[in-house]
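Each chain, written out:
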Amino acid sequence: MQNIGNQLRRGLTSIFSGRASRKQAAQGRDPAGTMETYRNPTEVQMSQLVLLYHTNHRGELSVGQLLKWIDITACLSAEKHAGCPCVTASVDDIYFEHTIRTGQVVNIKAKVNRAFNSSMEVGIQVTSEDPCNEKQWNVCKALATFVAQRNSSKVKLKQILPLTEEEKVEYSVAAERRRMRLVYTETIRDLLAKSVIQDDLESRDCSRMVPAEKTRVESVELVLPPHANHQGNTFGGQIMAWMENVATIAASRLCGAHPTLKTIEMFHFRGPSQVGDRLVLKAIVNNAFKNSMEVGVCVEAYHQEMESCRRHLNSAFMTFVVLDGDDQPITLPWIQPQGEEGERRYREASARKKMRLDRKYIVSCKQTEVPLSVPWDPSNQVYLSYNNVSSLKMLMAKDTWVLTSEINKIKLYTLEDDKFLSFHMEMTVYTDTAQAFLLLSDLGRRPEWDKHYQEPYVLALRSVTLPTHPKTPEYTRGETLCSGFCLWREGDQQTKVSYYNQATTSFLNYVTTNVAGLSSEFITTFKACEQFLLDNKSELALSLQNL
């Protein structure tokens, strides 16, 4: 037993030694070795002192003004990479965590995460500080998509080269976020078709009922040169500021108080507007929940009064709350939808609330801030899929993996984070990459090579909870944060197979026993996986030809 303990200690020491130096190397300090502090070449920073004319009646920075600053900073970052003018195409969900007051400083930092053909994703971080006491707060994070244009034609962009661990993670996950934006409308439609939206009447203040039409607001704005960029196109941030203004008025008509904007839903700009355009902004409260309400805003444009056809620029949905003296949300009146159109908006608002919670719970939050096992249902499977792939890509992008052992041409790597111990196994198999993908993605056949694989715990996806399999006191539940395979084509009929796993402490003993060399379960299972691929490669050859 003493010899086994010494071996285990030596094995773990080899894993965890040099942890501080590895973390320092991964923080992005001078990847090229040419300067002391590395800075992303697309990074743009803006700092603004909040003055009285920037604020509302409560002395808080107007969200509309903040949106204008965010859009300008992000646009400058996009143009820095593209080398030509850029226009705002879309903005993802924005959650406002902190209000900014008069006299405080707003710091905005933007950089391009990834460039695609003619569009690019720009990440924005907003913080605030009090110059008198040096306190700092996180205000919000945002993701915006910009399109590069020259002479009204799209421009093919050069690719981003990520250098630091953070840049590699954002670069990898950006592709998954882009896929989510493309299927967003379809996801809403499917949710409405398959789900029954029920009202939580017990939590509503049914004694106060407000007709939805009472909250309707319409306002017109004339686009002047100060509202536009150097090409004459209206700033996206200016349009968002006008939208926030009419949405706030509509929300105040429901609650009879001054509302606070908490969330702006993902939205797209359908087309540009120019100097001289008249923008018609319409807002109405779509639905009121217990402590929050959703306001829909539509923006249309026309150039001359004679024009009978208006251009639909975009639609957005904003969530407001009303805070009491202790900054706690109060119970809101019940909205009464009117007509078929009102009923449609009412139902869709409930569906969007469900999707917002899924995105914030599964995607937006830090992994350590939410339970690892996520309740599964058909409506959130899109976001679970996104989270699984993005988490796996984030794990792959880390550059502090340590090669622990190599047996029978199978490499075992480990990675220690603050809360998790992850492992990564790698081998090269003489089989086609597409064929290997089909075989390993068939979870029904996984027991043929993995004796540890049991239902209902599908480790290839992530740990989820099912109502049909509740927790039982006689068993200890082990959970996997993310795990999965990554396949690379290494040549003709040759594939590099990598398996990643980030598990909780319930698996720690099993992982460390293999890492320290006291067990060969990892190697044995991975060799069985290799044999499974080789034994079945001819079986799928015909199927691949028909794809």
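Refer to the preceding data block for the structure.
The structure displayed is predicted, hence computed values, not measured ones.

About the thresholds
- Residues numbered from 1 in each chain as written.
- Predicted model: local features only at pLDDT ≥ 70, side-chain atom pairs only at ≥ 80, totals over all residues.
- Heavy atoms only, no water.
- Helix = DSSP H or I, 4+ residues; strand = E, 2+ residues; numbered from the N terminus.
- Contact = heavy atoms within 4.5 Å.
- Areas by Shrake-Rupley, 256 points an atom, 1.4 Å probe, with all protein chains shown as cover.
- Salt bridge = Lys/Arg side-chain N within 4 Å of Asp/Glu carboxyl O.
- Buried < 20%, exposed > 50% of the residue type's maximum accessible area, 1.4 Å probe, protein only.
- Polar contact = N/O pair within 3.5 Å; in protein donor to acceptor, adjacent residues only side chain to side chain.
- Phe/Tyr/Trp six-rings, centres within 6.5 Å; stacked < 30°, edge-to-face > 60°.
- Expected span 1.5 Å × (residues − 1).
- Axes fitted to C-alpha atoms, helices over the stretch in contact; angles between N-to-C directions.
- Left-handed = near helix turned anticlockwise from the far one by under 90°.
- Nonpolar A, V, L, I, M, F, W, Y, C, P; charged D, E, K, R; others polar.

## Topic: the overall build of the protein
- A tally of regular secondary structure across the protein gives twelve helices and 22 strands.
- Sequence-distant contacts, at least 24 apart, represent 71% of the contacts inside the protein between residues at least 6 apart.
- Working note: accessible area of the protein is about 27,700 Å², and carbon and sulfur atoms make up 52% of it.

## Regarding the pattern of salt bridges
- The tally for this structure, following the rule as stated, stands at 15 salt bridges.
- A salt bridge links E60 to R58; the shortest N-O distance between them is 3.3 Å.
- Overall, E60 belongs to the buried group, its relative accessible area being 11%.
- R177 is the salt-bridge partner of E121, the closest N and O atoms lying 2.7 Å from each other. With E121 in strand β5 (residues 119-129) and R177 in helix α4 (residues 165-182), this residue pair connects regions lying 56 residues apart in the sequence. Neither residue differs from the other here; E121 and R177 are each classed as buried.

## Digging into the environment of R445
- When you line up the elements, R445 lands in the loop between α9 (433-441) and β20 (464-465).
- Take R445: its relative accessible area is 15%, and that puts it in the buried class.
- If sequence neighbours within four positions are ignored, R445 has contacts with L439, F532, N536 and E539.
- A polar contact of 2.9 Å, which involves the side chain of R445, links it to the side chain of E448.
- A polar atom in the side chain of R445 sits 2.6 Å from the side chain of N536.

## Quick notes on the packing of aromatic side chains
- Under the definition given, this model contains six aromatic pairs.
- With 6.1 Å between their ring centres and 50 degrees between their planes, F423 and Y499 make a pair best called tilted. With F423 in strand β19 (residues 421-429) and Y499 in strand β22 (residues 494-503), the pair connects residues that are 76 residues apart, well separated along the chain. Accessibility assignment for this pair places F423 and Y499 in one class, buried.
- Ring centres of F423 and F522 lie 4.4 Å apart, and the angle between their planes is 25 degrees; on these two criteria the pair is classed as stacked.

## Some details on the side chain of E294
- Counting through the fold element by element, E294 comes out in strand β13 (residues 293-302).
- A polar atom in the side chain of E294 sits 2.8 Å from the side chain of R352.

## A word on unusual backbone geometry
- A positive phi angle, close to 60 degrees, is found at D327, a residue other than glycine.
- In this structure, D327 sits in the loop between β14 (311-321) and β15 (333-336).
- With phi around 55 degrees, N408 is a residue other than glycine that occupies positive phi space.
- For N408, a relative accessible area of 52% corresponds to the exposed category.

## Considering helix α11 (residues 521-536)
- End to end, α11 covers 23 Å across 16 residues, agreeing with the expected 22 Å (1.5 Å per residue, within 8%).
- When we look at burial in α11, the residues that qualify are F522, I523, T525, F526, C529, E530, F532, L533 and N536.

## Thoughts on helix α3 (residues 63-82)
- Given a rise of 1.5 Å per residue, 20 residues ought to cover 28 Å, and the 28 Å separating the end C-alpha atoms of α3 matches this to within 8%.
- Within α3, 16 of the 20 residues are buried, which leaves the element mostly enclosed by the surrounding structure.
- Here α3 starts with a cap whose side-chain oxygen sits 3.2 Å from the backbone nitrogen of G64, and that cap is S62.
- Remark: G83 follows α3 within two positions and exhibits a positive phi of approximately 75 degrees.

## Some points on the packing of α9 against α11
- At their nearest, the axes of α9 and α11 sit 10 Å apart, and the two run at 115 degrees to each other. The crossing of α9 and α11 is right-handed. Contacts between α9 and α11 pair Q435, A436, L439 and L440 from the former with C529, F532, L533 and N536 from the latter.
- For the contact of α9 with α11, a count of residues per class yields six nonpolar, two polar and no charged.

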